Amino acid sequence: MTTSPTDGSTIPPASEASSEPVPPPARRPPTGRKRAGAVLTAPLSWLPLLFLAAIVAVLLYASDFHNFGLSFWGPNWFPDPLDPASASYGVLVFAVGTVLTSALAVFLAGVLSIGLAISLVMFLPGPLARVLALFVDLLAGIPSVVYGIWGYVVLAPYFANDLEPALQSHLGFLPGLGGSSVEIAGGTGLLLAVLVLTLMVVPLTTALVRDSLRSVPRALEESGLALGATRWEVVRRVHLRYARRGIFSAVLLGLGRALGETVAVFMVIGNQVRFPPTLYSGTSTIATLLVGQFDSAFIYPDLLRALVEIALVLFLITLAVNVIGRRFLTDGGLGRIALEAGPEKAAS
Amino acid sequence: MSEPAAPEPAPVLSTEGLSVFAGSREILRRVSLAVPEKKITAVIGPSGCGKTTLIRAMNRMVELSPELRIEGTVRYRGRDIYAPEVSPVVVRRRIGMVFQRPTVFPQSIYENVAFGLRLDREEEDAVERTVVTSLRRAGLYEEVKEDLDRPALSLSGGQQQRLCIARALAVNPSVLLLDEATASLDPIATQKIEEMLRELKGEVSIVLVTHNIAQAARTSDVTAYLHQGRLIEMGATSELFEAPREKLTEAYITGRFG
Amino acid sequence: MTATVDPVWGTDSPRWRRRVAADRYVSYLLPLLFLAVLYPLLDLIYWIGAEALPTLSWRTLTTNPSGFGGGLLAPITGTLYLIAISTALAGTVGIVAGMYTAEFASPRVASLGRLGGNLLAGVPAIVIGYFGYFALVLYTHWGMTLVAGGITLSIFMIPYIYRTADLAFGSVPADQREAAFGMGASRGQYLRRVAWPIAFPRILTGIFIAMAIGLGETAPLLFTAGWNFVPATGLSSQTSYLTGLIWLYYSAPTDFGTELALAFQAAFLLIVIVIALNVIVQLIAERYRRRLRGLFR
């Protein structure tokens, strides 16, 4: 509490609400004696990093360091186990599918979660905000196969019979929304995959954006209001500016999540091996290729090697996206979704 | 209770029976006082006496703490600032506030001062003129005029606080509330701000919350003493410090307790 | 609503009215975005329930899946076994590693450990599945087994428990630490008597969250746990599991057999368990919040 400079006496505990932050816990205790416990537990905390290294090592080993050459990045995917000489393992189609689904889903999820997070932090009364945040978190808990079966059995027929024909006839002039009605087929395809993926990414990005909006110092928010700005103006001019990095990082971590999502996307994307001419068309992603072809690859060494190398590429890309995303993140991220009961909140 | 020395024109800001509750606890107890126009009014009292809550009630900042409940009236030029048709945004435009710690936005010096002006979409050269005048009024212009595009966070603590004052002045308020605005600053920076406030008082009415008794004595024209949420005494600063009418006031200003 | 400027407040310009109106509209309209999230969530829960409940019976839970339908006994037990194995492994590793990171590690090592944990959490499930297949199925010559599935799943769960343990030990209030060390407690005594009781509820929430996540994973298990129409009999037998059953049957024809209904029943069970785990986590977190508030007073 405050000490009066005139007389130096300490004032009895203030009854006014204090805005003093609780000091961070001291990390180092005053005494030493840490040998035994430290030696016993140290290796385990290296385990996550060891796993990462082991994943690279095992995948490299499993690929026999096989070099498919430039055609690996090409557009032709003809795995022909009977005639290895004419087979071709170009992954471009899958890479395009992954980029399209992830980019669209992350864009939608990003826009949506910025709106949701602003509502939660600024506009909704506390109890309602807490309940709504729980529902959004619940979305993160739904298993991906459950999204998949819902998308495949419930949504796909609706997309094929109602939504997509309507989009095609009314918005057909827009790129990706026109094309032949043949493309709609069973409703599975890019559009449905993007939608399902968006729902799966939204909880993560919302939690991260919410955290970074909350990290805006209360004093800055109050200063904006004291200058006669409305809440919305303070959000735009103070919060969004201050939380830029956090929002960027949320989008990147969301992208990391979307790139690797496998099972749900496989169930709703149609799995044709081709560049999708429209948003309704079936296509494939790297992850769906990995899960869909592995069974048949057990006995075809070249296909197996190709899949393993693609898995390695996917691993390295998501790793890079996550590393960059985390660089922009001051705190939060994993586990924050469920761990609302942080000491920093309890103390305030 | 409030009988300042000379008869004076209508106060710019007044409270009538103002109480603030946190649950069942009464932080402010029926405080009635008048803030004279274009003077410096100091609010003093021990920590926890409710002085911060008092000035936060004067521009509706208390409403940001949903756990607080307000009773009584606050009038600005005779108009109830809590009346349903009055927006808090408009109240805060007229009654500005500077906080205990400098709260500059992570932007340039120029953009910090322009913040309030941008809300009204003013012409850029009007903005620029106001930015310069405001920095002058806050006594900061000479120190920063070389590079107004510098990040505001690169300024010293005292400069940042004067920047916050310039930012508040830029929207041309009639009243400026300062909540322990020098508490986090060193003596030299404090002195600069006190000088600047004395120069400002011909233009703006200032309410200065401070736990620094000497500062209140040095700077203010009128002083109010708050104790446990009650207004104990209010009057011309010279009189209050030389001949306090109440025992509690005397005990506090002579340093017998917190 | 006079068009004249108010003499006291001095603001009644069109610009001013636009600003206030914008604030009001945004504060009403922005929260409507929740519909875009809540509607699909409720639709999903509704349809899973509608497809699963009419045929859900005691028999569903007590019989094994057959070729065309049957029950969920084997997948339920399989999921329980897998979660038991992976929680035991990931729990041990995660808690001890988290304790080391928060208590013993130098800041450099601690931040490396945290980075590792965070990055491991970002590895796509299918990549972990590939890793599990080569490392635990092929190179060990175990073949697809319950234990290979359990270990693979635990890799997926470790980061969540590790991080909550790290946070939980790291957030023990400073005065509690100082009081303990001030009375001459050793590190071991401090950890056992002071830190553990404070940290445990929070670690528990991390474990439950990790379980909910592990429960819903499919990709790490597809190539490691195998499949089985009867409950697994040991660590080295293959096993079925709830998510795998959905994966296997989601595209089954509706006019023949009851596999699709069975898949929906599995989905329904998963959702119920996930919601239950989330509720438990919230209850623990709420109690913890209250207790910690007391500690900080």
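If you're wondering where the values come from, they're calculated on a predicted model, not measured in any experiment. For every chain, the first residue of the written sequence is number 1, and numbering continues from 1 along that sequence. Key to labels: chains lettered from A, ligands numbered from 1, both in the order written. Where local features are concerned, this predicted model is filtered to residues with pLDDT of at least 70; where side-chain atom pairs are given and counted, the filter is 80 or more; whole-chain, interface and lining totals use all residues. Working from all heavy atoms in the structure, the side-chain values ignore hydrogens and water.

*Asks:* Can you break down the interface of chain C and chain A residue by residue, with the values?
*Replies:* Contact with chain C, which involves 96 residues of that partner, is made by 97 residues of chain A. Two parts placed together each lose some accessible area under a 1.4 Å probe, and the buried area is that loss summed for both. The contact between chain C and chain A buries some 9,000 Å² in all, and 77% of this surface belongs to carbon and sulfur atoms. Counted as salt bridges are all cases of a side-chain nitrogen of Lys or Arg within 4 Å of a carboxyl oxygen of Asp or Glu. The interface formed by chain C and chain A contains two salt bridges. Between Arg19 of chain C and Glu233 of chain A there is a salt bridge, with its nearest N and O atoms 2.6 Å apart. A 3.5 Å cut-off defines polar contacts: any pair of N or O atoms within that distance qualifies, except that in protein one atom must be a possible hydrogen donor and the other a possible acceptor, and neighbouring residues in sequence count only when both atoms are side-chain atoms. Put simply, chain C and chain A have six residue pairs in polar contact (both at pLDDT 80 or more) between them. Strands are runs of DSSP state E lasting at least 2 residues, helices are runs of H or I lasting at least 4, and numbering of each runs from the N terminus. Among the elements that make up the side of chain C that touches chain A, the one with the highest residue count is helix H12 (residues 259-296) of chain C (17 residues). Only Asp, Glu, Lys and Arg are considered charged, only Ala, Val, Leu, Ile, Met, Phe, Trp, Tyr, Cys and Pro nonpolar, and every remaining residue, Gly among them, polar. A class-by-class count of the residues in the side of chain C that touches chain A yields 66 nonpolar, 18 polar and twelve charged. Contact criterion: two residues are considered in contact whenever any of their non-hydrogen atoms come within 4.5 Å of each other.

*Asks:* Please provide a residue-by-residue account of the packing of helix H7 (residues 146-170) of chain C against helix H9 (residues 187-216) of chain C, values included.
*Replies:* All names here are of chain C. Running from N to C, H7 and H9 point in directions that differ by 145 degrees, and their axes come no closer than 8 Å. In terms of crossing hand, the pair formed by H7 and H9 is right-handed. Between H7, through Leu153, Phe156, Met157, Tyr160, Ile161, Thr164, Ala165, Leu167, Ala168 and Phe169, and H9, the contact on the second element is made entirely by Leu191, Ala195, Trp196, Ala199, Arg202, Ile203, Gly206, Ile207, Ala210, Met211, Ile213 and Gly214. Here the residues of the contact of H7 with H9 sort into 18 nonpolar, three polar and one charged. All axes are obtained by fitting lines to C-alpha atoms, using only the stretch in contact for helices, and the reported angles, taken between N-to-C directions, cover 0 to 180 degrees. Crossing handedness follows the turn of the near helix against the far one: under a right angle anticlockwise gives a left-handed crossing, and clockwise gives a right-handed one.

*Asks:* Any chance you could break down the pairing of strand S10 (residues 230-236) of chain B for me, citing the residues and the numbers?
*Replies:* The buried label goes to any residue with under 20% of its type's maximum accessible area, the exposed label to any with over 50%, and the partly exposed label to all in between, with areas taken from a 1.4 Å probe on protein chains only. Within S10 of chain B, six of the seven residues are buried, which leaves the element mostly enclosed by the surrounding structure. One bridge is not enough; two strands pair if DSSP finds at least two bridges between them. Linking strand S9 (residues 222-227) of chain B to S10 of chain B, which pair antiparallel, is a turn of two residues; within it Gln228 of chain B sits at a positive phi near 45 degrees.

*Asks:* Now, about a nonpolar patch on the surface: what can you tell me, with residues and values included?
*Replies:* Residue and element names in this part refer to chain C. Within this analysis, patches are made of residues with over 30% relative accessible area and no salt bridge. Like charges are joined at 9 Å or less; nonpolar side chains (Val, Leu, Ile, Met, Phe, Trp, Tyr) at 5 Å or less. A 1.4 Å probe and the Shrake-Rupley method give the accessible areas. Residues count as covered only by the protein chains that appear here. There is a patch of nonpolar side chains on the surface, built from Tyr25, Tyr28, Leu29, Leu32 and Leu35 and spanning about 600 Å² of accessible area. With three residues, the single largest contributor to the nonpolar patch is helix H1 (residues 14-29). Mapped onto the elements, Tyr28 comes out in helix H1. A relative accessible area of 57% places Tyr28 in the exposed class.

*Asks:* Could you give an account of the side chain of Asp179 of chain B, with specific residues and numbers?
*Replies:* With respect to the secondary-structure elements, Asp179 of chain B resides in strand S7 (residues 175-179). Excluding its chain neighbours within four sequence positions, the residues that come into contact with Asp179 of chain B are Thr52, Ile55, Val98, Phe99, Gln100 and Val209 of chain B.

*Asks:* For the nonpolar core, give the residues involved together with the corresponding values.
*Replies:* Generally speaking, a soluble globular protein has its nonpolar side chains buried in company with each other. The biggest cluster of nonpolar side chains holds 169 residues, and the ones touching the most others in it are Tyr147 and Ile149 of chain A together with Tyr130 of chain C. Setting aside residues up to four positions removed in sequence, Tyr147 of chain A forms contacts with Leu139, Ile142, Val196, Leu199, Met200 and Ala264 of chain A together with Leu44 of chain C. What is meant by a nonpolar core is a set of buried Ala, Val, Leu, Ile, Met, Phe, Trp, Tyr and Cys residues, joined one to another through side-chain atoms within 4.5 Å.

*Asks:* Any chance you could break down the sheet that holds strand S2 (residues 25-35) of chain B for me, citing the residues and the numbers?
*Replies:* Residue and element names in this part refer to chain B. With antiparallel pairing, the four strands of this open sheet are ordered in space as S2-S1-S4-S5. Each of the sheet's edge strands pairs with one partner strand only, and the pair in question is S2 and strand S5 (79-80). The sheet contact formed by strand S4 (residues 68-76) and S5 spans two bridges and is antiparallel. In the strand pairing of S5, Arg75 is matched with Asp80. Together, strand S1 (13-22), S2 and S4 form the strand contacts of helix H1 (residues 51-58), whose direction differs from that of S2 by roughly 60 degrees.

*Asks:* I'd love a proper account of the sheet that holds S10 of chain B, names of residues and values included.
*Replies:* All names here are of chain B. In spatial order, the strands read S6-S7-S8-S3-S9-S10; together these six strands make up an open sheet with mixed pairing. Since the sheet does not close on itself, it has two edges, and those belong to strand S6 (95-98) and S10, each with one partner. Each strand axis lies, on average, 15 degrees off the axis of its neighbour in the sheet, ignoring direction. Relative to S9, strand S3 (residues 40-44) runs parallel, the two being bridged by four bridges. By the bridge assignment, Ile44 is partnered in S9 with Tyr225. Seen against the sheet, H1 touches S3, S6, S7, strand S8 (205-209) and S9 and runs at an angle of roughly 155 degrees to S7. Where helix H7 (residues 187-200) meets the sheet, it contacts S3, S7 and S8, and its direction lies at approximately 150 degrees from that of S8.

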